[in-house]
Amino acid sequence: MKILTGALLATVLTASFVSADPVDDTLILNEDITLVTRTAAPAHLSDAFDEVMSGWLFRGTETRAMQADDFDNPGMIFVEKAQESWDTVEGTEGKSCASCHDGMESMAGVKPTYPKWNEEAGEMRTLQMQVNACRTERMGAEAWGYDKGPAINMEAALSSVSRGLPMNVAIDGPAQSTWEMGKELYYTRTGQLELSCANCHEDNYGKMIRADHLSQGQINGFPVYRLKNTKLNGSHSRFKGCIRDTRAETYKPGSAEFIALELYVASRGNGLSVEGPSVRN
Amino acid sequence: MRISVISAAALGLIASTAFAEEVLPTAVSFNDDGAVEQSLSGTAGDAANGRIIVGDKGQGNCVACHMVNDLADVPFQGEIGPPLDGAGDRWSEAELRGIVANAKVMFEDSMMPSFYKTEGFIRPGNAYTGKAADDTFGPLLSAQQIEDVVAYLATLKE
């Protein structure tokens, strides 16, 4: 009969917090690009928030500093791994990603628009789904497991070349019904603790819940390198952990529910800079 | 109903002598103000044990959301709900029992979990496994644990 323990174990790095407000700090990447970590809330969210804020503002000084320099950001090791796989020939067609696309930099501007409606396939695609579509349909290679090492590394690499660009997912047209479904999930109070995403990340951001400093639960920083498990974590895996902590039956990474939730949560951060791979405790 | 009795008994939480007088989670009677007059276990609460439950992550974990000065030794107290200092001045025993059993009766849509409730959940899980609930599903706290917590809260005077 434990309550609220799962998400609340990462006590080590938050221990230094005295005040729980988000910090007043600016994220300058590699002493070069200034990222937008707070900005006016997108129109669809203006009833709930004036401002949307990156999770970066809610983390401790050391954790924030790690993310500001690629040499200190442990997530960048996984980006390098993905760079290798970008150039590696795989599958029956004898192709690598590089056979069809130019360098990784040619993907700048892609990450901020995902999840995105794919007209030809008639489906809402996350970035991992798009990469898998290229693998299975164009390379004759096997799909990567959702949020598993190779997939999350590639998502981090695709994200890294878009850092500094504003999140900008479309929520209208063919995206609308998926977006509505995600919104519904966001406000549903699940599990034996009957908590919705909004209970914690909309109504109580900035406050401490046990040892954790609650952020707005944005995903502009995903994939996220967590000091707690020393690996990259996907947004679906994070959703799963948060739902599990309401003592609920979770959904699976890659499920229709999490695709919808990713679109909705991404849209709550429209305007914030892409930060992935970011660093969190 | 049956389910909760089995699980509580299996966990050894209910002294068999108190069993007969126990109010099941589905049979708790709240008055118009959300208070519960009748003891849930029929056995007086143990404030010392209640103090442990309130601070223990594995039991009530009330400090996840509330600060309690009397529990200064428990690190990392949350600030989602009001500090519990003086709760014994502000509320009667029946009110405290109602709040701990199911705070949503008194405070509409409260974020505070309902600690003595077994029905009406959306996708209830098997504790923190992420899997669906099975027939071990029971209330977050047993009847006696609720009484112990209520007895402890009543001692919090300013």
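Up top is the structure these notes are about.
What this report covers is the structure whose coordinates are included nearby.

Criteria and cut-off values
- Residues numbered from 1 in each chain as written.
- Chains lettered and ligands numbered in written order.
- Predicted model: local features only at pLDDT ≥ 70, side-chain atom pairs only at ≥ 80, totals over all residues.
- Heavy atoms only, no water.
- Helix = DSSP H or I, 4+ residues; strand = E, 2+ residues; numbered from the N terminus.
- Buried < 20%, exposed > 50% of the residue type's maximum accessible area, 1.4 Å probe, protein only.
- Contact = heavy atoms within 4.5 Å.
- Areas by Shrake-Rupley, 256 points an atom, 1.4 Å probe, with all protein chains shown as cover.
- Rg over C-alpha atoms; globule rule 2.2 N^0.38 Å.
- Lys, Arg positive; Asp, Glu negative; His and termini not counted.
- Charge placed at Lys NZ, Arg CZ, Asp CG, Glu CD.
- Salt bridge = Lys/Arg side-chain N within 4 Å of Asp/Glu carboxyl O.
- Buried area = accessible area lost by both parts, 1.4 Å probe.
- Polar contact = N/O pair within 3.5 Å; in protein donor to acceptor, adjacent residues only side chain to side chain.
- Nonpolar A, V, L, I, M, F, W, Y, C, P; charged D, E, K, R; others polar.
- Patch = residues over 30% accessible without salt bridge, like charges linked within 9 Å, V, L, I, M, F, W, Y side chains within 5 Å.
- Core = buried A, V, L, I, M, F, W, Y, C linked by side-chain atoms within 4.5 Å.
- Pairing = 2+ DSSP bridges.
- Axes fitted to C-alpha atoms, helices over the stretch in contact; angles between N-to-C directions.
- Parallel < 35°, antiparallel > 145°, perpendicular 65-115°, else oblique.

**Overview of the overall build of chain B**
Here is step 1: Helix and strand content of chain B: 5 helices and 0 strands.
Here is step 2: Each of the 158 residues in chain B was classed as buried or not, and the buried ones make up 50%.
Here is step 3: Within chain B, contacts between residues at least 6 apart in sequence are counted, and of these 54% link residues at least 24 apart.
Here is step 4: Accessible area of chain B: about 7400 Å², with a carbon and sulfur share of 55%.

**Looking at the overall build of chain A**
Here is step 1: Summing up its helical and strand segments, chain A has 9 helices and 11 strands in all.
Here is step 2: Here the C-alpha radius of gyration of chain A, 18 Å, is about what a compact globule of 281 residues would show, namely 19 Å.
Here is step 3: Seen along its three principal axes, the alpha-carbon backbone of chain A occupies a region of about 55 × 40 × 40 Å.
Here is step 4: Buried positions account for 56% of the 281 residues belonging to chain A.
Here is step 5: In the form shown here, chain A has an accessible surface area of approximately 11800 Å², with 51% of it arising from carbon and sulfur atoms.
Here is step 6: Each charge class in chain A was averaged separately, 27 positive and 38 negative side chains, and the resulting centres sit 8 Å apart.

**Notes on the pattern of salt bridges**
Between side chains of opposite charge, pairing is possible as soon as their charged atoms come close.
All names here are of chain B.
Here is step 1: Per the counting criterion, the structure on display carries 15 salt bridges over all chains.
Here is step 2: Linking arginine 51 and aspartate 73 is a salt bridge whose minimum nitrogen-to-oxygen distance equals 3.8 Å. Of this pair, arginine 51 sits in helix α2 (residues 47–55) while aspartate 73 is found in the loop between α2 and α3 (87–90), placing the two residues 22 residues apart along the sequence.
Here is step 3: Given a relative accessible area of 30%, arginine 51 falls into the partly exposed group.

**What to know about the interface of chain B and chain A**
Bring the parts together and some accessible area is lost; that lost area is often taken as the interface size.
Here is step 1: Taken together, the 45 residues of chain B in the interface contact 35 residues of chain A.
Here is step 2: For the pairing of chain B and chain A, the buried interface totals around 3400 Å² over both sides, and the portion due to carbon and sulfur atoms is 57%.
Here is step 3: Its largest share of buried area at the contact with chain A, chain B owes to Phe76, Arg123 and Tyr128 of chain B, together 27% of the area lost on that side.
Here is step 4: On the surface where chain B and chain A come into contact, there are 2 salt bridges.
Here is step 5: Counting across the chain B and chain A interface gives 14 residue pairs in polar contact (both at pLDDT 80 or more).
Here is step 6: Looking at the side of chain B that touches chain A residue by residue, the class counts come to 22 nonpolar, 15 polar and 8 charged.

**Some words on a positive patch on the surface**
Here is step 1: A surface patch of like charges, here positive, comprises Lys148, Lys231, Lys240 and Lys252 of chain A together with Lys131 of chain B.
Here is step 2: Along the polypeptide, lysine 231 of chain A turns up in strand β10 (residues 231–233).

**Topic: the nonpolar core**
Here is step 1: In terms of nonpolar packing, the biggest core is built from 40 residues, with Leu40, Val68 and Ile146 of chain B touching the most fellow members.
Here is step 2: When residues of this core are traced back to their parent elements, those giving at least two are α2, α4 (93–106) and α5 (143–154) of chain B.
Here is step 3: With sequence-adjacent residues up to four places away left out, leucine 40 of chain B is seen in contact with Glu21, Glu22, Val23, Val28, Arg97, Ala101, Tyr116, Ala143, Ile146 and Glu147 of chain B.
Here is step 4: Among the nonpolar cores identified, the runner-up in size contains 30 residues, and Leu45, Ala175, Phe239 and Ile243 of chain A belong to it.

**What to know about the sheet that holds strand β11 (residues 278–280) of chain A**
Residue and element names in this part refer to chain A.
Here is step 1: The 3 strands are arranged β10-β9-β11 in an open sheet whose pairing can be described as mixed. Each edge of the open sheet is held by one strand with a lone partner, namely β10 and β11. When strand polarity is set aside, the average angle formed by the axes of neighbouring strands in this sheet is 40°.
Here is step 2: Of the pairings in the sheet, the one linking strand β9 (residues 224–226) to β11 comprises 3 bridges and is parallel in character. For valine 224, the partnering residue across the bridge sits in β11 and is serine 278.

**Describing the environment of threonine 34 of chain A**
Residues and elements named next belong to chain A.
Here is step 1: Assignment of secondary structure puts threonine 34 in strand β2 (residues 33–34).
Here is step 2: Note on threonine 34: relative accessible area 48%, which makes it partly exposed.
Here is step 3: When neighbours within four sequence positions are excluded, threonine 34 is seen to be in contact with Thr26, Leu27 and Ile28.

**Looking at the packing of helix α2 (residues 75–86) of chain A against helix α5 (residues 149–160) of chain A**
All names here are of chain A.
Here is step 1: Contact pair α2 / α5: the axes reach a minimum separation of 8 Å and the direction vectors enclose 100°. By the criterion of interaxial angle, the relationship of α2 to α5 is roughly perpendicular. For the pair α2 and α5, the contacting residues are Phe78, Val79, Lys81, Ala82, Ser85 and Trp86 in the first and Asn153, Met154, Ala156, Ala157, Leu158 and Ser160 in the second.
Here is step 2: Within the contact of α2 with α5, the residues separate by chemical class into 8 nonpolar, 3 polar and 1 charged.

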